[in-house]
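Residue strings, one per chain:
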Amino acid sequence: MSFDPELFIHAMSHRAPPYILEHLNLVLIPMCIAVLIALPTSILLTRPAYRGYTSRIMAVFNAGQTIPPLAVIAIFFPFLGLGYAPAILALTIYALLPIARNTITGISAVPHDVKDAARGMGMTPWEVLRKVELPLSIPGIMTGIKTSAVLTVSTAVLAALVGGKGMGAVIFAGINFFQAELILAGTIYIGVMAVLIERLLSLLEWYLSPDHLK
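The structure reproduced in this document is the subject of the present report. (Residues numbered from 1 in each chain as written. Predicted model: local features only at pLDDT ≥ 70, side-chain atom pairs only at ≥ 80, totals over all residues. Heavy atoms only, no water.)

Helix and strand content of the protein chain: 9 helices and 0 strands. Reading the protein chain from its N terminus to its C terminus gives the helix and strand order α-α-α-α-α-α-α-α-α. Dimensions along the principal axes, computed over C-alpha positions, put the protein chain at roughly 70 × 40 × 25 Å. Within the protein chain, buried positions represent 40% of all 214 residues. Taking the contacts inside the protein chain whose residues are at least 6 apart along the sequence as the reference set, 78% of them involve residues at least 24 apart. (Helix = DSSP H or I, 4+ residues; strand = E, 2+ residues; numbered from the N terminus. Buried < 20%, exposed > 50% of the residue type's maximum accessible area, 1.4 Å probe, protein only. Contact = heavy atoms within 4.5 Å.)

Encoded structure:
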């Protein structure tokens, strides 16, 4: 497979950029849905009344990441057809586990003496969660979100196989037509997206973290 620098420049400047927004949609939409599902569920599982359900719920989340995204797409293809819908569903399921696992770990790691001191000051369980546990567990929670985001950026390439397009359309075009220039261009853009999203989430983590953790 030969390499043509002019074709590579053309791929970087014209062929790949139109797919950037589509790829970002394939990352941001599943991530938002996954956070809305995994974060409150994980917080609930850290409460004494619901801890008994942790192993069963986490088993479901583990299964979601163990099953390949293409298998999830194949299962729901008869119901959702081609396009964004099956890809969004598969990527959402794939993103749940790191968020849930790190949220539970982060909240569980808050020292008991800190929580006891908060209760001793007259805080209710809700206030302890909101003012003590969640702020102190922000680094752990954001680590899970960043991990899911980076995984989703790369996994979203598979959406092109079911009509979801994104940067995968460029990469698979390069594979089909034996053009390394397209493969490299798509890969570079995916890498840049992953780095930028991780950096933006790190800034959000810094903003949300308590002053003594910055």
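Here the narrative resumes.
Right, let's get into helix H9 (residues 180-208). End to end, H9 covers 42 Å across 29 residues, agreeing with the expected 42 Å (1.5 Å per residue, within 8%). Next to the buried residues of H9 lie helix H1 (5-15), helix H2 (20-45), helix H7 (125-155) and helix H8 (168-176). (Expected span 1.5 Å × (residues − 1).)

Now for the packing of H2 against H7. Running from N to C, H2 and H7 cross one another at 145 degrees; their axes reach a closest spacing of 11 Å. The hand of the H2/H7 crossing is right-handed. Note on element contacts: H7 touches H2 through Leu129, Leu134, Ile141, Ile145, Ser148, Ala149, Thr152 and Val153, opposite His23, Leu26, Val27, Met31, Val35, Leu39 and Ile43. Residues of the contact of H2 with H7, tallied by class, amount to 12 nonpolar, 3 polar and no charged. (Axes fitted to C-alpha atoms, helices over the stretch in contact; angles between N-to-C directions. Left-handed = near helix turned anticlockwise from the far one by under 90°. Nonpolar A, V, L, I, M, F, W, Y, C, P; charged D, E, K, R; others polar.)

Moving on: the packing of aromatic side chains. Given two aromatic rings, their pairing is described by the distance between the two centres and the angle made by the two planes. Across all of its chains, the model carries 2 aromatic pairs by this definition. Consider the rings of Phe3 and Phe8, whose centres lie 5.6 Å apart with planes at 45 degrees: the pair is tilted. Centroid distance Tyr50 to Tyr53: 6.5 Å. Interplanar angle 40 degrees. Geometry classified as tilted. (Phe/Tyr/Trp six-rings, centres within 6.5 Å; stacked < 30°, edge-to-face > 60°.)

Attention now moves to a nonpolar patch on the surface. A surface patch of nonpolar side chains, amounting to about 410 Å² of accessible area, comprises Phe3, Leu184, Ile188, Val192 and Leu196. Inspection of the secondary structure assignment puts Phe3 in the segment before H1. (Patch = residues over 30% accessible without salt bridge, like charges linked within 9 Å, V, L, I, M, F, W, Y side chains within 5 Å. Areas by Shrake-Rupley, 256 points an atom, 1.4 Å probe, with all protein chains shown as cover. Salt bridge = Lys/Arg side-chain N within 4 Å of Asp/Glu carboxyl O.)

With that settled, consider the pattern of salt bridges. Applying the stated criterion across every chain, the model contains 6 salt bridges. We note a salt bridge from Glu133 to Arg47, for which the minimum N-O separation is 3.1 Å. Placement of Glu133 in helix H7 and of Arg47 in the loop between H2 and helix H3 (54-66) is noted, with a sequence separation of 86 residues between them. Residue class for Glu133 comes out buried when judged on its relative accessible area of 5%. In this structure, Glu205 engages Lys146 in a salt bridge whose closest nitrogen and oxygen atoms are separated by 2.9 Å. Note that Glu205 is positioned in helix H9 and Lys146 in helix H7, a separation of 59 residues in sequence. Through salt bridges with shared partners, one network takes in Lys146, Glu198, Arg199 and Glu205.

None of the figures reported here should be taken as evidence of function without further support.
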